[in-house]
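Structural description and commentary
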Amino acid sequence: MKCGFEAAFPGNDFSKVKALPATDPKFGDFQCNDALAGAKVLHLPPRKIAEAVYAKLMESKPAFVDKVELAGPGFLNITVSADWLAAQLAALGAQDTLGIPQTGAGKRVVLDYSSPNAAKQMHIGHIRSTVIGNAIDRIFRALGYNVVADNHLGDWGTQFGILIKGYRELLTQEERDNLSVPYLEKCYVLSAAKAKEEDGVWKEACKAELVKLQQGDPDNLALWKKFIEISINEFNRMYDKLGVKFDTYRGESYYNDTMPGVVARLQEMGLAVESEGALVVNLEEEKLGVAIVRKSDGGYNYTTSDLACVEMRVDEYAPERIIYVTDARQQLHFKQWFNIAGKMGVTAKLVHVPFGLMSYQGKAISTREGNLIKLDELLAEAVRRSKEIVLSRTPDCPNADQLAQAIGYGAVKYSDLSHDPITDIDFSWDKALALEGNSGPYLQYAYARVCSLLDKAAAMEARPAETFAVVEPAEKQLALQLLQFGPTVLRAAENYKPSVLADYLFQTAQLYSSFYQRSPILRSEPDVRDARLALCALFGKVLSKGLSLLGIETPKRI
Ligand code: ARG
């Protein structure tokens, strides 16, 4: 497209010119609206610009053009040539990246996600940060970014005084010897209940244990370490199931030693001031309220720890950006400290990706509702239900357990990732496990069906052709869609929305299915058949790669 503009108006910068996929095939395959944007620079009416570009394109007829049409105030509608399309598809299929632009090459990103609080079991509420964060991780890596995935565990705070006291006095020897996250949870519940007793004796004792821990008492420190280690092991058991990996597990405690320095600097810079015994940063001017950076009891808080953390990340990794995936209720927290960090000189781009609430089968998730389902149980249930589906379709399936895991975990992930992160979502088994419609299993089955088609073809000595030939409208729709894979992955990353990719994959599967219904494959003449097989194979590659970026496995046979 650029060539048309450059030929018509030499000496101008048209590097931003691009043709976007047409919204409706009746407007051709691509549409270029840049004549409208060019009007300001070229001081000409958009229609005049479009006419000049159109004339140049007609004159030189670049290889990609089959037809150009002028429309409206200055739109250029392009129908691409069959040869160009075939060459593009071949080029796409030949790359491991399948057209994903390597815009992240040489750039580092720190990604802070999942980050549960220690000594508690992960529950259904932790799915979103884990699954959305992991998809963002995979998408950025696919774009060539060097990603440091850090699990910013909640591993410090008053709960550890309560836990230490409870561990020593409320657990049985047997429980202490076989300490696990459920026992820690039990210990916390019992000890926290006692801390509410009228006389306040237990509460004071818990506080004393916390102070000892903060002062580095070796026994308390050893206990704390043990609690954290057990928690991380338990979290890793979930992450293994979900295919989630972290590069580092630096909890809040990692920043304990640097918080005083950060606060001192905030004071020196005149950013933090005393207010009712606490130290605060006033952000009223930015309409962000007031952020406490040191509490009146001298303790630090979430804001202080995030400020200390960002400085260390910047020093150590010099990242181009840092991405934080948490629930939307933390929006003000992030806005506040991003603002303070900017004033302290942090130049890395700081991005908060907030996600909405999740309800379960139509009901809010809360301890009171009795549906604070453990993540472990949810995943087990997903596998159990998936296994029923697998066995109902293939009673003698030899690897039913393995398939049930791929389908069950895939279903749970996709049911989340198919929604814009910011929306509140409801988890429903029927929707997550539906074999028709926008679901993980539907896409996994679509992939397995292509694989089985290619196997059948191979059995009759038919192979995907090396060159593509796009003839029928349904083939063309699918072909154009496949070319959009790379740009879509980029768009998903730029918007921090794995849902952009999920939507694309679902649409692609639908286009494949209409192509498949309209165009006989194995019954066609060999050259038509093999060209269609090539399109099928490329669809399979794109679907599988796309799902892998969402952390979803694609078994070849289901
Ligand atoms: N532990 C926090 C939570 O459970 C999330 C931490 C997010 N990361 C951060 N750097 N603030 O909600």
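See above for the structure.
Quick caveat: nothing in here was measured; it's all calculated off a predicted structure. (Residues numbered from 1 in each chain as written. Predicted model: local features only at pLDDT ≥ 70, side-chain atom pairs only at ≥ 80, totals over all residues. Heavy atoms only, no water.)

Following the criterion strictly, the structure yields 24 aromatic pairs and no others. Centre to centre, the rings of Y254 and Y255 are 5.2 Å apart; their planes meet at 70°, and the pair counts as edge-to-face. Owing to a relative accessible area of 1%, Y255 belongs among the buried residues under this scheme. Through a chain of ring-to-ring contacts, three or more aromatic side chains come together here, namely Y113, Y239, F246 and Y249. Positioned above the aromatic ring of Y167, the side-chain terminus of R176 is 6.0 Å from the ring centre. (Phe/Tyr/Trp six-rings, centres within 6.5 Å; stacked < 30°, edge-to-face > 60°. Buried < 20%, exposed > 50% of the residue type's maximum accessible area, 1.4 Å probe, protein only. Lys NZ or Arg CZ within 6 Å of the ring centre and 35° of its normal.)

Inspection of the region around the ligand gives D112, S115, N117, H152, Y302, D306, Y324, T326, Q330 and F334 as its neighbouring residues. In this structure, N117 approaches the ligand through a side-chain N or O atom, which is 3.3 Å from a nitrogen atom. Between the ligand and the protein, one listed contact pairs a nitrogen atom with a side-chain N or O atom of Y302 at 2.8 Å. Its free accessible area being 350 Å², the ligand has 87% of it covered by the protein chains. Elements that contribute at least two residues to the shell around the ligand include exactly α12 (302-317) and β10 (321-327). Tallied by class, the residues present in the shell around the ligand amount to three nonpolar, five polar and two charged. (Near = heavy atom within 4 Å. Polar contact = N/O pair within 3.5 Å; in protein donor to acceptor, adjacent residues only side chain to side chain. Areas by Shrake-Rupley, 256 points an atom, 1.4 Å probe, with all protein chains shown as cover. Helix = DSSP H or I, 4+ residues; strand = E, 2+ residues; numbered from the N terminus. Nonpolar A, V, L, I, M, F, W, Y, C, P; charged D, E, K, R; others polar.)

Here the focus is the sheet that holds β10. The sheet built from four strands is open, its strands ordered β6-β5-β10-β11 with parallel pairing. Two strands bound the open sheet, and with one partner strand each, they are β6 (146-150) and β11 (349-355). Taken over all neighbouring pairs, the strand axes of this sheet differ in orientation by 20° on average, direction set aside. The sheet contact formed by β10 and β11 spans seven bridges and is parallel. Bridged to I323 within β11 is V351. The strands touched by helix α5 (residues 127-142) within the sheet are β5 (108-112), β6, β10 and β11, with β10 carrying the most contacts at an inclination of about 155°. (Pairing = 2+ DSSP bridges. Axes fitted to C-alpha atoms, helices over the stretch in contact; angles between N-to-C directions. Contact = heavy atoms within 4.5 Å.)

Each pocket or cavity is described by its volume, and for the second largest pocket that value is around 1300 Å³. Lining the second largest pocket are 42 residues, with L20, P21, F30, Q484 and P487 sitting closest to its centre. At the level of elements, β1 (20-21), β4 (75-80), α4 (82-94), α18 (473-483), α19 (485-494) and α20 (498-518) are the ones that each hand at least two residues to the lining of the second largest pocket. At six residues, the largest contribution of residues to the lining of the second largest pocket is made by α19. In terms of residue class, the lining of the second largest pocket is made up of 22 nonpolar, twelve polar and eight charged. (1 Å grid on protein atoms, 1.4 Å probe; cavity = no way out; pocket = protein on both sides within 12 Å on 5 of 7 lines; lining within 4 Å. Points joined across faces, edges and corners; volume = space filled by probe spheres on them.)

Turning to helix α15 (residues 400-417), a few remarks are in order. With 18 residues, α15 should cover 26 Å at 1.5 Å per step; its first-to-last C-alpha distance of 25 Å lies within 8% of that length. Counting buried positions over the 18 residues of α15 gives 15, a clear majority of the element. (Expected span 1.5 Å × (residues − 1).)

The next subject is the sheet that holds strand β14 (residues 425-427). Pairing within the open sheet is mixed, and its three strands lie in the order β13-β12-β14. Taken across any chain shown, the strands that pair with only one partner, and hence form the sheet edges, are β13 (363-364) and β14. The pairing of strand β12 (residues 358-360) with β14 spans three bridges and is parallel. Bridged to S359 within β14 is D426.

On to the packing of helix α6 (residues 159-170) against helix α8 (residues 181-194), then. One way to put it is that α6 packs onto α8 with a least axis distance of 8 Å and a crossing angle of 100°. As far as their axial angle goes, α8 and α6 are roughly perpendicular. Across from Q159, I162, L163, G166, Y167 and L170 in α6, the residues of α8 making contact are L184, C187, Y188, L190, S191, A192 and K194. For the contact of α6 with α8, the class distribution of residues is nine nonpolar, three polar and one charged. (Parallel < 35°, antiparallel > 145°, perpendicular 65-115°, else oblique.)

What follows concerns the nonpolar core. One finds M1, I323, L378, L501 and L550 to be the most contacted residues of the largest nonpolar core, which totals 140 residues. Setting aside residues no more than four positions away along its own chain, L378 makes contact with I124, I127, Y360, I373, V412, F427 and W429. If you look at the next biggest cluster of nonpolar residues, it comprises 31 residues, including L279, A291, V293 and L350. (Core = buried A, V, L, I, M, F, W, Y, C linked by side-chain atoms within 4.5 Å.)

Let's shift gears to the state of the cysteines. Inspection of the entire model under this criterion finds zero disulfides. Note on C397: no disulfide assigned, nearest cysteine sulfur contributed by C451 at a separation of 15 Å. In this structure C451 is a free cysteine whose sulfur lies 11 Å from that of C536, the closest cysteine sulfur available. For C451, a relative accessible area of 10% puts it in the buried group. (Disulfide = S-S within 2.5 Å.)

Our next topic: the side chain of H126. Positionally, H126 belongs in the loop between β5 and α5. What makes H126 buried here is its relative accessible area of 18%. Apart from residues no more than four positions distant in its own chain, H126 is found in contact with P116 and Q121.

With respect to the helices and strands, the residue A382 is situated in helix α14 (residues 375-393). Between the alpha carbons of A382 and I407 there is a distance of 8.2 Å; along the sequence they are 25 residues apart. Ignoring any residue separated from it by four or fewer positions in sequence, one finds A382 in contact with G408, V412 and W429.

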